[in-house]
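For reference, the chains in residue letters:
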Amino acid sequence: MTAPSDVRFKQRAVIEFLVAENVKPVDIHRRLLAVYGNQTLDVSSVRRWALRVKGSEVGKAIIADQDRSGRPVTVTDEAHKQKVDDLVKGNRRIKQSEIAIALGISKERVQHILCELEYRKICARWVPKMLTEEMKQNRVEICRQLLLRFDSERENFLNIIVTGDESWVHHYDPENKRQSMEFRHKTSPAPKKFKVQASAGKVMLTVFWDSKGVIHTEYLEKGSTINSIRYIETLKRLKKRIKRVRPNLTQLLLHHDNARPHCSRATMTAIESLGFQVIPHPPYSPDLAPCDFFLFPKLKEHLKGTKFNSDEKVKAEVKRWFNAQPKEFYLNGISKLVNRWQKCIALEGSYVEK
């Protein structure tokens, strides 16, 4: 039965009263709309109830919902919710159809219960490596160490960080689906996007930058590989470049990852002789490297969808993009380190996704 407080019930009573005064259904609907707003019955419902009460004696029309035949909705009770919750916790990849079969209820009810339990199915994210507890603890300890130094030195600490890394830049890297989104009418045919692999033509970019901008860039020659000898030569050129473009940078903290050429014995000896200090960086942690979580993704997003027919044109566009970024861009990238360190500690060493 319909409760007397139900808005629909009240409107039916009004309809009965106005029909007795010979008010037309259209006018009844207009008057109801002025009072009940978006909760008003639609015109067809008003007409249907007007017709129903007109055939009854005044004041005696049945305007409450009557019990109807059919299967009552009882599968969204607490018992069924608990069963669905237990099935999901037992198998996080279970399908809605499997739950429906196991409990003997419809998929629609399963979906309703899952929504009430605030479950949503999401895809797993790729991470660089399955971290062991020891690796996680190492990440937490390094982040705490760096945060302590930041708390004592603040921006002075961030301003002396010079970070760098290497990455491939392709002659053509296809744009992703989100970048290819476009406005269309409902009647317009859906756009199609064909799968295209990144081009074989590519150059290896090495870049070093700080909170003020890019300091040094270079590209690997064809047929060469980055080893300790090559990386040491790069660091020597970086040292000369810093003297020219950052003459006031008397103290320098080098931030790079733990790739073999970066941390070999010969490289560490050369770094010491050049007067660089190295910021500790945990292994397998691109989420804590500004080049990996900030600079390279934004550069490659810009280059996606653009075709270059030579290495020189790729290099020219990379240089143009670096120079076009405001100073706040690079400061923002370095500053994000603090937030990443904090999140890593909060996640007990697990990867920081965003």
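Naming follows an unreviewed UniProt entry, where the protein appears as Transposase of Macrosiphum euphorbiae.

Of regular secondary structure, the protein possesses 14 helices and 5 strands. Every one of the 354 residues in the protein was classed for burial, and the buried ones make up 38%. Carbon together with sulfur atoms contributes 52% to the accessible area of the protein, which is approximately 23,100 Å² in total.

Tracing the sequence through the fold places Phe 208 in strand β2 (residues 202-210). In sequence terms Phe 208 and Glu 166 are 42 residues apart; their C-alpha atoms lie 9.2 Å from each other.

What follows deals with unusual backbone geometry. Positioned with a positive phi, Glu 118 is a non-glycine residue whose angle comes to about 60 degrees. Tracing the backbone shows Glu 118 in the loop between α6 (107-116) and α7 (133-153). Look at Glu 348: it is not a glycine, yet its phi comes out positive at around 60 degrees. When you line up the elements, Glu 348 lands in the segment after α14 (327-346). Residue Glu 348 is classed as exposed on the basis of its relative accessible area of 61%.

Inspection of the entire model under this criterion finds 8 aromatic pairs. Between Phe 157 and Trp 341, the aromatic rings sit 6.2 Å apart at their centres with planes inclined by 35 degrees, giving tilted as the arrangement. Of this pair, Phe 157 sits in helix α8 (residues 155-159) while Trp 341 sits in helix α14, placing them 184 residues apart in sequence. For the ring pair Phe 208 and Tyr 231, a centre distance of 6.5 Å and an interplane angle of 35 degrees mean the geometry is tilted.

All right, on to the sheet that holds β2 then. One open sheet holds the 5 strands; their spatial order is β3-β2-β1-β4-β5, and the pairing between them is mixed. Each having just a single partner strand, β3 (213-219) and β5 (277-278) make up the two edges of the open sheet. In the sheet, strand β1 (residues 161-170) pairs with β2 via 8 bridges, with the strands oriented antiparallel. Its bridge partner being in β2, His 170 is matched across the sheet by Lys 202. Contacts from helix α12 (residues 290-303) reach β1, β2 and β4 (253-255) within the one sheet, and its direction differs from that of β1 by about 40 degrees.

In this section: the pairing of β2. β2 sits mainly inside the fold: 8 of its 9 residues count as buried. In this structure, β2 lies alongside β3, joined through 6 bridges in antiparallel fashion. Bridge pairing links Phe 208 to His 216 in β3. Counting the residues in the hairpin turn of β2 and β3 gives 2 residues.

Our next topic: α12. Taking 1.5 Å as the rise per residue, α12 with 14 residues should run 20 Å; its terminal C-alpha atoms sit 19 Å apart, in good agreement. The largest bend in α12 amounts to roughly 35 degrees and is located at Phe 296, with the proline Pro 297 lying one to four residues further along. Among the residues of α12, Pro 290, Cys 291, Phe 293, Phe 294, Leu 295, Phe 296, Leu 299 and Leu 303 are the ones counted as buried. On its buried face, α12 sits against β1, β2, β4, α13 (311-324) and α14. Positioned one or two residues after α12, Gly 305 has a phi angle of 90 degrees, which is positive.

It is worth spelling out the nonpolar core at this point. One finds Leu 205, Leu 295, Val 318, Phe 322 and Trp 341 to be the most contacted residues of the largest nonpolar core, which totals 51 residues. The contact partners of Phe 322, leaving out residues within four places of it in the chain, are Leu 205, Val 207, Val 214, Thr 217, Leu 295, Leu 299 and Tyr 330. In this structure, Leu 18, Val 19, Trp 49 and Ile 63 belong to the second largest nonpolar core, which totals 13 residues.

Our next topic: the side chain of Ser 211. With respect to the helices and strands, the residue Ser 211 is situated in the loop between β2 and β3. Engagement of the side chain of Ser 211 in a polar contact is seen with the side chain of Asn 159, the distance being 3.4 Å. Apart from the residues lying within four places of it in its own chain, the contact partners of Ser 211 are Leu 158, Asn 159, Lys 327, Tyr 330, Leu 331 and Ile 334.

Below, the discussion takes up the environment of Lys 300. By secondary structure assignment, the location of Lys 300 is in helix α12. With a relative accessible area of 29%, Lys 300 lands in the partly exposed category. Lys 300 sits 131 residues away from Val 169 along the chain, and the two C-alpha atoms are 7.6 Å apart. Here Lys 300 is in contact with Ser 167 and Trp 168, once residues within four sequence places are set aside.

Our next topic: α14. Given a rise of 1.5 Å per residue, 20 residues ought to cover 28 Å, and the 30 Å separating the end C-alpha atoms of α14 matches this to within 8%. Looking one or two places after α14, you find Glu 348, whose phi comes out positive at around 60 degrees.

In this section: the packing of α7 against α14. Orientation of α7 relative to α14, taken along the N-to-C sense of each, is 135 degrees, at an axis distance of 9 Å. Taken together, the axes of α7 and α14 lie oblique to each other. Both α7 and α14 take part in a crossing whose hand is left-handed. Listed contacts from α14 to Arg 139, Val 140, Cys 143, Arg 144, Leu 146, Leu 147 and Phe 150 of α7 are Val 338, Trp 341, Gln 342, Cys 344 and Ile 345. Taken together, the residues that form the contact of α7 with α14 break down as 9 nonpolar, 1 polar and 2 charged.

About the cut-offs
- Here, residues in each chain are numbered from 1, in the same order as that chain's written sequence.
- The predicted nature of this model means local features are confined to residues of pLDDT at least 70 and side-chain atom pairs, given and counted, to a pLDDT of 80 or more, with totals for whole chains, interfaces and linings taken over all residues.
- Processing note: side-chain calculations cover all non-hydrogen atoms of the structure and skip hydrogens and water entirely.
- Every helix listed is a DSSP run of H or I at least four residues long, and every strand listed is a run of E at least two residues long, numbered separately from the N terminus.
- We call a residue buried when its accessible area falls under 20% of the maximum for its residue type, exposed when it is over 50%, and partly exposed in between, using a 1.4 Å probe and counting protein chains only.
- Calculation of accessible area relied on Shrake-Rupley with a 1.4 Å probe; when residues are assessed, cover is drawn exclusively from the protein chains displayed.
- The aromatic pairing rule takes the rings of Phe, Tyr and Trp, using the six-membered ring of Trp, and pairs them if the centres are within 6.5 Å, calling planes under 30 degrees apart stacked, those over 60 edge-to-face and the rest tilted.
- Pairing between two strands requires that DSSP report at least two bridges joining them.
- We call two residues in contact when some of their heavy atoms are within 4.5 Å.
- Every axis corresponds to a line fitted to the C-alpha atoms, with the helix fit spanning only the stretch in contact, and the corresponding angles, defined between N-to-C directions, vary from 0 to 180 degrees.
- In this analysis, the expected span of each helix is defined as 1.5 Å times one less than the number of residues it contains.
- Working definition for bend: take the seven residues up to and ending at a residue and the seven starting at it, fit an axis to each, and measure the angle between the axes.
- To form a nonpolar core, buried Ala, Val, Leu, Ile, Met, Phe, Trp, Tyr and Cys residues must be joined to one another through side-chain atoms within 4.5 Å.
- Nitrogen and oxygen atoms within 3.5 Å of one another constitute a polar contact, given that in protein one can donate a hydrogen and the other can accept it, and given that sequence-neighbouring residues count only through two side-chain atoms.
- Here the word oblique covers every angle except those under 35 degrees (roughly parallel), over 145 (roughly antiparallel) and from 65 to 115 (roughly perpendicular).
- A crossing counts as left-handed when the near helix is turned anticlockwise from the far one by less than a right angle, and as right-handed when that turn is clockwise.
- Lys, Arg, Asp and Glu make up the charged group, whereas Ala, Val, Leu, Ile, Met, Phe, Trp, Tyr, Cys and Pro make up the nonpolar group; the residues left over, Gly among them, are polar.

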